[in-house]
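A look at the structure
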Protein chains: 2
Amino acid sequence: MAATIKDVAAAAGVGIATVSRVFSGAGAVSAATRERVLAAARDLDYRPSAVGRSLKTRRTGGLGLAVPDVTDPFCAELVAGVLDCARTLGQHVLLDATRGDPAREAEIADRFAEQRVDGVIALPSGTGDPWAGFVRTGVPLVYVGRPPSARSGRRRSGTGGAASGALSGAASGAASGAVPGEVPAVLADDAAGIRSAAEYLVGLGHRRIGFLGAPAPGAPPDAREDAFRAALAALGVPVEEDLVARARPTRDSAYAAAAGLLQRRSDLTAVLASGNLSGEAAVLVARELDLRVPADLSIAMVDDVAWAELCDPPLTAVARPGRDIGYRACELAARDTGRRAPSGPVLLPTDLIVRGSCAPIPSRRERARH
Amino acid sequence: MAATIKDVAAAAGVGIATVSRVFSGAGAVSAATRERVLAAARDLDYRPSAVGRSLKTRRTGGLGLAVPDVTDPFCAELVAGVLDCARTLGQHVLLDATRGDPAREAEIADRFAEQRVDGVIALPSGTGDPWAGFVRTGVPLVYVGRPPSARSGRRRSGTGGAASGALSGAASGAASGAVPGEVPAVLADDAAGIRSAAEYLVGLGHRRIGFLGAPAPGAPPDAREDAFRAALAALGVPVEEDLVARARPTRDSAYAAAAGLLQRRSDLTAVLASGNLSGEAAVLVARELDLRVPADLSIAMVDDVAWAELCDPPLTAVARPGRDIGYRACELAARDTGRRAPSGPVLLPTDLIVRGSCAPIPSRRERARH
DNA sequence: GTGAAAGCGCTAACAT
DNA sequence: ATGTTAGCGCTTTCAC
């Protein structure tokens, strides 16, 4: 259907090599011939086929990008950042959503591998590491958003599986798990972000501060939770165990966790939500419980999403530079295969945006609950 | 670097065709050989190259998706829908952001064409139509989110341009602009959505209702604005010209438009925002102007984003099924090249979500403005 | 400056 | 059931 280089060559009365030269810019072509080729191409509506070229050059010009959920504001910003950068680099991007599901993550990784993307950017779900395979292949891999989980589950998925997908996790026997340290990562400095929020809250006089976390219940406490405990400890504020609530990354789960926390600890004077879903939940639950913000309860959250400012009162939030993270990660993922990546993870600063949702420790008068 | 089909064939002591059969599922292979092949493949960490296969089969398994801004909640939902569907279809998706810029749109279309995507889904910016080229090529094209603009700008971009990009808009001379009607589209029934909101507002007694539109100032009124006028007219409510404000799709522009409208028409009792950016602006400006919602001003908006519920009061909104739109569009874009698409655009229903931001027409007592 | 030819990794006849 | 062969559209020596 579509015209090929041969058609153009024939139409222009030249060899295919000449047509190639005209379009790839390489080599020298006389102005006259170039014009004839261009004209012929125009007539035929010719566009060089990337797949033909890729086969020869071994570069597809594509970058693989996998995030848990494109609908999440942080992820969306990140994607936008990658897109921005990719554009300047002349790369395109294959996007997919992992939903935080390791199985899906593995499928996506496989797909990216098959498609021979030039680089991969992944926001890993934290269980196992379907992405590590790329470092063996020499495909630049960059983690974003969160550090590659230190304690990777190292599950071998169905060694005796069916024909399709039989290769997932293949060859992971001997040369398995690449040293985590050698995979570059671009992250927000979450610990610092959490710390700034904690310090702010403690500075307002709060002592009983709840934490709404994101990882699956039962999972090892994630980095944010650790950071929260560390920050409070450093400030001399004891962290009681039931002050932290964990939820899966869904609205329902976040709501349940928030409701649970706020009800079992009615003495809380503040909560720190570790993500926008938790933040939403906190606001909603507080409203449901007739807690006035910030008079009865101060709320701060990680992720400065658009609605933070629209809330009443506007929500104090820790802004993570999602766009920058995506942009920087893309630069690394698109780097020449030879070049070495930065040794440690790139930590981008967060920013505490103080709005109206936190107040000095409240008088404990009437806290109507239910 | 990566193992090829030949390596595997050699390692397994079989012909390359056999390896191909094992991996493509086609043809019959004895269990014994299959195992040997699989084992060899595993050892070599072999993954069939999509680029080799695509060259032969003339299908890349990729779909092109272009939206103005992945960061916009509606677009994000749409993207998520496409991703969902593509996954079930075994396709991957190339995503890019147009920013509503026709030039960028054209570049993206070119890229998709070069990459030989199997189908294209585009949320067109409305000026010109860089996408029409695909119908000539026989690549399934589907518009989403808004109807392809009837009055296409038909600009020919730099006919005598440099070598690179010289073919943008090429061959558009004779067989140009495909009949718009033959390009399938999946859209929200915006007109009905606007109408439902307008009827709701009028039903509450409102007569002076402002409209916050999205298209560039000076551009022909877009479908939503038309729908707004039509809806009010049908209800016997006159639409004064300066009741509608137009803005570019940016926060600043939306804010300026909202501020302008609310200030010049302090007699407004309600506003209908045509998108989430306008809605944000309306809320912010109302707050700035010390207008109580809904006592002094009722607000309704198109797009039921997450924050609508978090607002105080929660915002009444017209929900558009972004996810479904994406899903349906993907089905159409991935259809076999032969099959005919639906004749008319697919119109998906909207849903008026009544919350607390609209009230019966207010007493006109004290409306403190600046 | 330009053309001929070899091959990139794969699939699909066609043989066997 | 399996191997051989001919391309798919392109880039790239290597001649001329």
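Conventions and cut-offs
One numbering rule holds for all chains: residues counted from 1, following each sequence as written. Each chain takes a letter, starting from A, and each ligand takes a number, starting from 1, following the order in which they are written. Whole-chain, interface and lining totals are the exception, using all residues; otherwise, since this is a predicted model, local features are given only for residues with pLDDT of at least 70 and side-chain atom pairs are given and counted only at 80 or more. Note that the side-chain values use all heavy atoms of the structure and ignore hydrogens as well as water. In DSSP terms, a helix is any run of H or I states spanning at least four residues, a strand is any run of E spanning at least two, and both are numbered starting from the N terminus. Each residue is assigned to one of three classes by its accessible area relative to the maximum for its type, calculated with a 1.4 Å probe on protein chains only: buried under 20%, partly exposed between the two thresholds, exposed over 50%. Any two residues whose heavy atoms approach within 4.5 Å at even a single point are treated as in contact. Surface accessibility in these figures is a Shrake-Rupley result with a 1.4 Å probe; residues are shielded only by whichever protein chains are displayed. Note on aromatic contacts: the rings of Phe and Tyr and the six-membered ring of Trp form a pair at centre separations within 6.5 Å, being stacked when their planes are under 30 degrees apart, edge-to-face when over 60 apart, and tilted otherwise. Copies overlap after least-squares fitting; the atoms used are the C-alpha atoms of residues with pLDDT of at least 70 in both. Working definition: residue near molecule or strand if any one of its non-hydrogen atoms lies within 4 Å of it. Under the rule applied, a polar contact is a pair of N or O atoms within 3.5 Å (in protein, one hydrogen donor and one hydrogen acceptor; residues adjacent in sequence only if both atoms are side-chain atoms). Using protein atoms alone on a 1 Å grid, points that fit a 1.4 Å probe yet trap it form a cavity, whereas open point sets bounded by protein on both sides within 12 Å along at least five of seven lines form a pocket; residues with an atom within 4 Å of a point count as lining. Grid points are joined across faces, edges and corners, and a volume is the space filled by probe spheres set on the points. Under the convention adopted here, Pro, Cys and the residues Ala, Val, Leu, Ile, Met, Phe, Trp and Tyr are nonpolar, Asp, Glu, Lys and Arg are charged, and Gly plus all remaining residues are polar. A pair of strands counts as paired when DSSP detects no fewer than two bridges linking them. Here an axis means a line fitted to C-alpha atoms, over the contact stretch when the element is a helix, while the angle between two N-to-C directions is reported on a 0 to 180 degree scale. Disulfides are defined as pairs of cysteine sulfur atoms found within 2.5 Å of each other. For every domain, the bounds stem from an assignment made automatically or drawn from a database.

1. What about the overall build of chain A?
- Summing up its helical and strand segments, chain A has 12 helices and 12 strands in all.
- Residues classed as buried in chain A amount to 50% of the 370 residues present.
- By sequence separation, contacts in chain A at least 24 residues apart represent 70% of the contacts at least 6 residues apart.
- On chain A, roughly 15600 Å² of surface is accessible, and the fraction owed to carbon and sulfur atoms is 54%.

2. Focus: the packing of aromatic side chains
- Tallied over the full model, the rule gives eight aromatic pairs over all chains.
- Look at Trp131 of chain B and Phe134 of chain B: their rings are 6.4 Å apart centre to centre, the planes differ by 20°, and that puts the pair in the stacked class.
- The class of Trp131 of chain B is buried, set by a relative accessible area of 0%.
- Cluster of aromatic residues (ring-pair linked, three or more members): Phe112, Trp131 and Phe134 of chain A.

3. Brief notes about the relation of the copies chain A and chain B
- For these two chains of identical sequence, chain A goes onto chain B by a turn of 180° and a shift of 0.1 Å along the axis, with RMSD 0.1 Å. The superposition operator between the copies reduces to a two-fold rotation axis.

4. Considerations on the protein's contact with DNA strand D
- Surveying the vicinity of DNA strand D reveals 29 residues, the closest of which are Ile5 and Ser49 of chain A together with Thr18, Arg21 and Arg58 of chain B.
- Taking all atoms of DNA strand D within 4 Å of the protein, the share assigned to sugar and phosphate is 59%.
- Ile5 of chain A has a polar backbone atom sitting 2.4 Å from a phosphate oxygen of DNA strand D.
- Within the side chain of Tyr46 of chain A, one N or O atom sits 2.7 Å away from a phosphate oxygen of DNA strand D.
- Elements with a minimum of two residues in the surface near DNA strand D: α1 (5-12), α2 (16-24) and α4 (50-57) of chain A together with α2 (16-24) and α4 (50-57) of chain B.

5. Looking at empty space enclosed by the protein
- Following the criterion strictly, the structure yields seven cavities of 30 Å³ or more and no others.
- If you add up the space inside the largest cavity, you get close to 210 Å³.
- Around the largest cavity, the lining is made up of 18 residues, and of these Thr60 and Gln115 of chain A together with Thr60, His92 and Gln115 of chain B lie nearest the centre.
- Those elements giving two or more residues to the lining of the largest cavity turn out to be α4 and β2 (92-97) of chain A together with α4 and β2 (92-97) of chain B.
- Residues that form the lining of the largest cavity fall into these classes: eight nonpolar, 10 polar and no charged.

6. Things to note about the sheet that holds strand β7 (residues 244-246) of chain A
Residue and element names in this part refer to chain A.
- The sheet built from six strands is open, its strands ordered β7-β6-β8-β9-β10-β12 with mixed pairing. In this open sheet, the two strands that pair with only one neighbour each are β7 and β12 (351-353). Averaged over all pairs of adjacent strands, the angle between strand axes in this sheet comes to 15°, irrespective of strand direction.
- Relative to β12, strand β10 (residues 316-319) runs antiparallel, the two being bridged by three bridges. Each bridged residue has a counterpart across the sheet, and for Ala317 the counterpart in β12 is Ile353.
- Running over the sheet, helix α9 (residues 223-234) touches β6 (209-213), β7 and β8 (270-273) and is turned about 165° from β6.

7. Quick word on the interface of chain A and chain B
- The partner chain B presents 66 residues to the 68 residues of chain A that form the contact.
- For the side of chain A that touches chain B, the secondary-structure elements that each account for two or more residues are α3 (31-44), α4, α5 (73-89), β2, α6 (102-114), α7 (133-137) and α11 (276-288) of chain A.
- Top element by residues in the side of chain A that touches chain B is α5 of chain A. It accounts for seven residues.
- Partitioned by chemical class, the residues of the side of chain A that touches chain B number 32 nonpolar, 12 polar and 24 charged.
- Relative to β2 of chain B, β2 of chain A runs antiparallel, the two being bridged by three bridges. From the neighbouring strand, Leu94 of chain A faces β2 of chain B, where its bridge partner is Leu94 of chain B.

8. Looking at the state of the cysteines
- Counted under the stated rule, the structure contains zero disulfides over all chains.
- Cys330 of chain B carries a free sulfur, and the closest cysteine sulfur to it, the one in Cys85 of chain B, is 3.5 Å from it.

9. Things to note about the domain arrangement of chain A
- Once the domains are mapped, chain A shows domain 1 (5-48), domain 2 (63-153 + 323-343) and domain 3 (188-321 + 350-369).
- Put simply, the middle of domain 1 of chain A and the middle of domain 2 of chain A, counted by C-alpha atoms, are 37 Å apart.

10. Points about unusual backbone geometry
- Residue Pro294 of chain A is bonded to the preceding Val293 of chain A through a cis peptide linkage, with omega at 5°.
- Among the structural elements, Pro294 of chain A can be located in the loop between α11 and β9 (298-302).
- At the junction of Asp312 of chain B and Pro313 of chain B, the peptide bond is cis and its omega measures out at 0° in the coordinates.
- In the Ramachandran plot, Arg58 of chain B falls in the positive-phi region, its phi being about 60° despite a non-glycine side chain.
- Along the chain, Arg58 of chain B falls in the loop between α4 and β1 (62-67).

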